[in-house]
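Inside the fold
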Amino acid sequence: MRVAIVGSGFSGLGMAIRLSERGDSAPQDYVVFEKADEVGGTWRDNRYPGCACDVPSRLYSFSFRQNPRWSRDFATAGEIWQYLIDCADHYRVRDHIEFGADLTSAAYDETTRRWSLRLADGREWTADSLVMGVGALHRPVVPDIEGIDTFAGPTLHTAIWPDDADLAGKRVAVIGTGASAVQLVPELAQEASHLSVFQRTPAWILPKHDKVWGARRQQTFARFPALQRLVRWRTYLQLESRVLLFARIPRGMVLVEGIARRHLKASVKNPEVRARLTPTYTIGCKRILLSNEYWPTFDREDVDLVTDPIVRIEPDAVVTGDGTRHEVDALVLGTGFSLSGSYDRMRITGSGGRELAEVWSGGMHTNLGITVAGFPELYVLLGPNTALGHNSVVLMIEFATDYVLQCLDRARAGARVTTAAAQDGFTSEMASRSKHTVWTSGCQSWYLDRFGNNTSVWPGSTISYWLRTRRVRAADFEPVAAHLESAALEDRVPAPTS
Ligand code: NAP
């Protein structure tokens, strides 16, 4: 086929819908490879109790498919998953989706100038262009703690939550206090007999202003979609205005910190616990969390906040640096994701036999977070430097999708590859623009790679990303033929000797 799309979450599904909508609906036009048996990506996979989105759903949804029937401002994971299923049905893209199709390798064939794809079940396909919609937060991280594999009870990760998980009446340890844990902990506190939350770094949390959407509101939005669009715009502008502090004047974040401090004071009575829950880094450096229930949980008699570092795990206990054995029946890991993990699990080979995992081992560098030098006709959605700390990533996915559509149109006249110069320019720009943002203000987070560089977040406004991706710059690409010729020439010319 012409285009192979990998994944059917917001990115892959959005790409498929846009291709269908503009008339690419012949079977050979595009195929979506989905390893699971249903669409939905992260919203299909994350099923831990309390899982929801912390961006209002009227904005965390496709601009071209508004849903007047959200049950509340911040929809649950299940509701967002259902929304994506409805989108797949509404736009009739299911016929293009191969379910149970787990891509294990993709290699660019320099002779045919096509991608050769191999699935886990041995099936093989070829495609002119390859679009990766595999998500950034997909592969769970299991922390490297001594003895973790000797734990005798169940060990659950927030990202792989079995539907039949039963922690009722159990003594449960939760490791991690990020976005997932903050949603999960209040729920677990209701069912566990005792909860120990192991915190390495406290999180900044703001009040969550979440309203239920009554039938009247839903009917009004269904009858007057323009009104819902207006409300969506208002939410967009409210969130977007925050980028000024995040990316330009991080010192101004102290104003936001004041709100969080007041929220903490109102939430936790015990001053000693409150002190241990207070972060010391600038708010926004790690993702700001929203919750009205998480902090008050620590006033419960049956919930402990443990801040001594974990030294090891034994079959029935978590042992901390002060020598305490915290006896538990179950272990819950809210320890996040490996950013490169989504790509490491498959072998992607570009021109000259170079593998993406190896190329990215020195940093996930791209042009615009979408194209990679040396990888012709490869497009990445929600790629490096396109995550957001202040607004909805669905916007970024839609901008990138529009950009890819333009590239795919140009590819009809011949395959192209982004130039090393364009990629180097974008990489230096990201480094210099990230320097004075809140994300590089001194904390550790998944936004920074192991070299301390921001290769995750777009260090600016969504408007600036839209302006950058609205039109493809011809100079950022070269025809594959020219690229292969110059690569062959480089191989033939001996390196200068000293
Ligand atoms: P995360 O933010 O990366 O948090 C991981 C947590 O585990 C951190 O508290 C970390 O501590 C802790 N941790 C990791 N290794 C540890 C170890 N060896 N010992 C002790 N603690 C350890 O992961 P997440 O909560 O799954 O969230 C990841 C991202 O997913 C979020 O930032 C967000 O973008 C997305 N998410 C979004 C929503 C939503 O509502 N939209 C919900 C959930 C997740 P340190 O802070 O000290 O490293």
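Owing to the predicted nature of the structure, the values given are computational and were not obtained by experimental measurement.

Scoring rules and cut-offs
- Residues numbered from 1 in each chain as written.
- Predicted model: local features only at pLDDT ≥ 70, side-chain atom pairs only at ≥ 80, totals over all residues.
- Heavy atoms only, no water.
- Helix = DSSP H or I, 4+ residues; strand = E, 2+ residues; numbered from the N terminus.
- Expected span 1.5 Å × (residues − 1).
- Buried < 20%, exposed > 50% of the residue type's maximum accessible area, 1.4 Å probe, protein only.
- Contact = heavy atoms within 4.5 Å.
- Near = heavy atom within 4 Å.
- Polar contact = N/O pair within 3.5 Å; in protein donor to acceptor, adjacent residues only side chain to side chain.
- Areas by Shrake-Rupley, 256 points an atom, 1.4 Å probe, with all protein chains shown as cover.
- Nonpolar A, V, L, I, M, F, W, Y, C, P; charged D, E, K, R; others polar.
- Domains from an automatic or database assignment.
- Phe/Tyr/Trp six-rings, centres within 6.5 Å; stacked < 30°, edge-to-face > 60°.
- Buried area = accessible area lost by both parts, 1.4 Å probe.
- Salt bridge = Lys/Arg side-chain N within 4 Å of Asp/Glu carboxyl O.
- Core = buried A, V, L, I, M, F, W, Y, C linked by side-chain atoms within 4.5 Å.
- Axes fitted to C-alpha atoms, helices over the stretch in contact; angles between N-to-C directions.
- Parallel < 35°, antiparallel > 145°, perpendicular 65-115°, else oblique.
- Left-handed = near helix turned anticlockwise from the far one by under 90°.
- Disulfide = S-S within 2.5 Å.

Time to look at helix H1 (residues 10-21). Helix length check: H1 (12 residues) gives 16 Å between terminal C-alpha atoms against 16 Å at 1.5 Å per residue, within 8%. Among the 12 residues of H1, 10 are classified as buried, and the element is accordingly described as predominantly covered. All of the buried residues in H1 are Phe10, Ser11, Gly12, Leu13, Gly14, Met15, Ala16, Ile17, Leu19 and Ser20. Elements that come into contact with the buried residues of H1 comprise strand S1 (3-6), strand S2 (30-34), helix H2 (42-45), helix H3 (77-90), strand S7 (129-132) and helix H12 (393-411). Glycine 23 occupies a position one or two residues after H1 and carries a positive phi of about 105°.

The ligand sits among 22 residues. The nearest are Asp54, Ser180, Thr201, Lys286 and Trp446. A distance of 2.8 Å separates an oxygen atom of the ligand from a polar atom in the backbone of aspartate 54. Between the ligand and the protein, one listed contact pairs an oxygen atom with a side-chain N or O atom of threonine 201 at 2.4 Å. Look at the ligand: alone it shows 910 Å² of surface, and the protein chains cover 83% of it. Here the element with the most residues in the shell around the ligand is helix H4 (residues 179-191); it accounts for three residues. Class assignment of the residues belonging to the shell around the ligand gives a composition of nine nonpolar, nine polar and four charged. Here the shell around the ligand gathers at least three residues from each of two domains, domain 1 (3-139 + 338-492) and domain 2 (148-229 + 238-333).

Here the distance between the centres and the angle between the planes together describe a pair of aromatic rings. By the definition in use, this model includes 18 aromatic pairs. Plain terms: the ring middles of phenylalanine 10 and tyrosine 60 are 5.2 Å apart, the flat faces sit at 80° to each other, and that makes the pair edge-to-face. Here the residue phenylalanine 10 occupies a position in helix H1, and tyrosine 60 occupies one in the loop between H2 and H3, the gap between them amounting to 50 residues. By relative accessible area, tyrosine 60 is classed as buried at 9%.

The subject of this paragraph is the domain arrangement of the chain. In terms of domain boundaries, the chain breaks down into domain 1 (3-139 + 338-492) and domain 2 (148-229 + 238-333). A separation of 29 Å is found between the C-alpha centroids of domain 1 and domain 2. Counting residues at the interface gives 41 residues for domain 1 and 39 residues for domain 2. Summed over both sides, the interface of domain 1 with domain 2 buries roughly 3600 Å², with 52% coming from carbon and sulfur. On inspection of domain 1 and its partner domain 2, the count reaches three salt bridges. Where arginine 47 meets aspartate 163, a salt bridge forms, and the shortest distance between an N and an O atom there is 2.9 Å. Grouping the constituent residues of the side of domain 1 that touches domain 2 by class yields 17 nonpolar, 17 polar and seven charged.

A word on the pattern of salt bridges. Tallying each qualifying case throughout the model produces 31 salt bridges. Note that glutamate 314 and arginine 312 form a salt bridge whose closest N and O atoms lie 2.9 Å from each other. When its relative accessible area of 17% is taken as the criterion, glutamate 314 is described as buried. Here the salt bridges share partners, and the residues they tie into one network are Arg171, Arg312, Glu314, Asp316, Arg325, Glu327 and Asp329.

All right, on to the nonpolar core then. The biggest cluster of nonpolar side chains holds 89 residues, and the ones touching the most others in it are Phe10 and Leu195. Sorting elements by how many residues they give to this core places H12 first, with 12 residues. Split by domain, the residues of this core number at least three in each of domain 1 (3-139 + 338-492) and domain 2 (148-229 + 238-333). Apart from the residues lying within four places of it in its own chain, the contact partners of phenylalanine 10 are Trp43, Tyr60, Ser61, Phe62, Ile80, Tyr83, Leu84, Val394 and Ile397. Core analysis: the next-biggest nonpolar cluster, separate from the first, contains 29 residues, Phe33, Leu117, Leu130 and Val480 among them.

Attention shifts here to the packing of H1 against H3. Closest axis-to-axis distance for the H1/H3 pair is 10 Å, and the angle between their directions is 20°. The angle between H1 and H3 places the two elements in the roughly parallel class. When you trace H1 past H3, the crossing you get is left-handed. Between H1 and H3, the contacting residues are Phe10, Leu13 and Ile17 on the first element and Ile80, Tyr83, Leu84, Cys87 and Ala88 on the second.

Such a bond, covalent and formed between the sulfur atoms of two cysteines, is termed a disulfide. Taken as a whole and assessed by the stated rule, the structure comprises one disulfide. Through a disulfide, cysteine 285 is tied to cysteine 443; the S-S separation comes to 2.1 Å. Looking down the S-S bond of the cysteine 285 and cysteine 443 bridge, the torsion is -100°, so its handedness is left-handed. Highlighted residues: cysteine 285 in the loop between helix H9 (271-276) and strand S13 (289-290) and cysteine 443 in the loop between helix H13 (420-434) and helix H14 (462-469), separated in sequence by 158 residues. We note that cysteine 285, like cysteine 443, is buried. Cysteine 87 carries a free sulfur, and the closest cysteine sulfur to it, the one in cysteine 53, is 15 Å from it. Its relative accessible area of 0% is what places cysteine 87 among the buried residues.

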